[in-house]
Amino acid sequence: QVQLVESGGGLVQPGGSLRLSCAASGIMFRIYRMGWYRQAPGKQRELVASITGGGSTNYAYSVKGRFTISRDNAKNTVFLQMNSLKPEDTAVYYCRADDLHNGRGYWGQGTQVTVSS
């Protein structure tokens, strides 16, 4: 059974930082591309950042220079360090695992991030 469990969300003031974690089980983690997506109320879910098993990263333009995605293959965990947070970063953040060889993908349950003073 595949599980992706996110943690680390919460309420933070503008300019603050949060670190999200996603612990994976039931998959061969090191071969999966891992991604963080977000969905704000009334908006479509969008890619925030992704990282391949080899460590290649990709970021949405809106978060470049502020967010950093990383992974620990020994702990089956992917992280999203979010700095200089803005109110427009408020959303539910979802972890996703993609096997690029067979097209299988899995979602986590999401964690709320709220940026507000």
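The rules behind these values
Residues numbered from 1 in each chain as written. Predicted model: local features only at pLDDT ≥ 70, side-chain atom pairs only at ≥ 80, totals over all residues. Heavy atoms only, no water. Pairing = 2+ DSSP bridges. Helix = DSSP H or I, 4+ residues; strand = E, 2+ residues; numbered from the N terminus. Axes fitted to C-alpha atoms, helices over the stretch in contact; angles between N-to-C directions. Core = buried A, V, L, I, M, F, W, Y, C linked by side-chain atoms within 4.5 Å. Buried < 20%, exposed > 50% of the residue type's maximum accessible area, 1.4 Å probe, protein only. Polar contact = N/O pair within 3.5 Å; in protein donor to acceptor, adjacent residues only side chain to side chain. Contact = heavy atoms within 4.5 Å.

Sheet architecture is open: four strands sit in the order β1-β3-β8-β7, paired in antiparallel fashion. Both edges of this open sheet fall to β1 (3–7) and β7 (67–72), since each of them pairs with a single strand only. Averaged over all neighbouring strand pairs, the angle between strand axes comes to 15°, with direction disregarded. Alignment of β7 against strand β8 (residues 77–82), held across six bridges, turns out to be antiparallel. Looking at the pairing, Asp 72 lines up with Thr 77 of β8.

Let's shift gears to the nonpolar core. Within the largest apolar cluster, 30 residues are counted, with the highest numbers of intra-cluster contacts made by Met 34, Trp 36, Val 78, Leu 80, Met 82 and Tyr 93. Of all the secondary-structure elements, those providing two or more residues to this core are β3 (18–25), β4 (33–39), β5 (46–51), β7, β8, β9 (91–98) and β11 (111–115).

Among the secondary structure elements, Thr 77 is positioned in strand β8. A relative accessible area of 11% places Thr 77 in the buried class. Looking at Thr 77, its side chain comes within polar contact range of the main-chain oxygen of Lys 75, at 2.8 Å. Ignoring anything within four residues of it in the chain, the contact list for Thr 77 reads Ser 21, Cys 22, Ala 23, Phe 29, Ser 70, Arg 71 and Asp 72.

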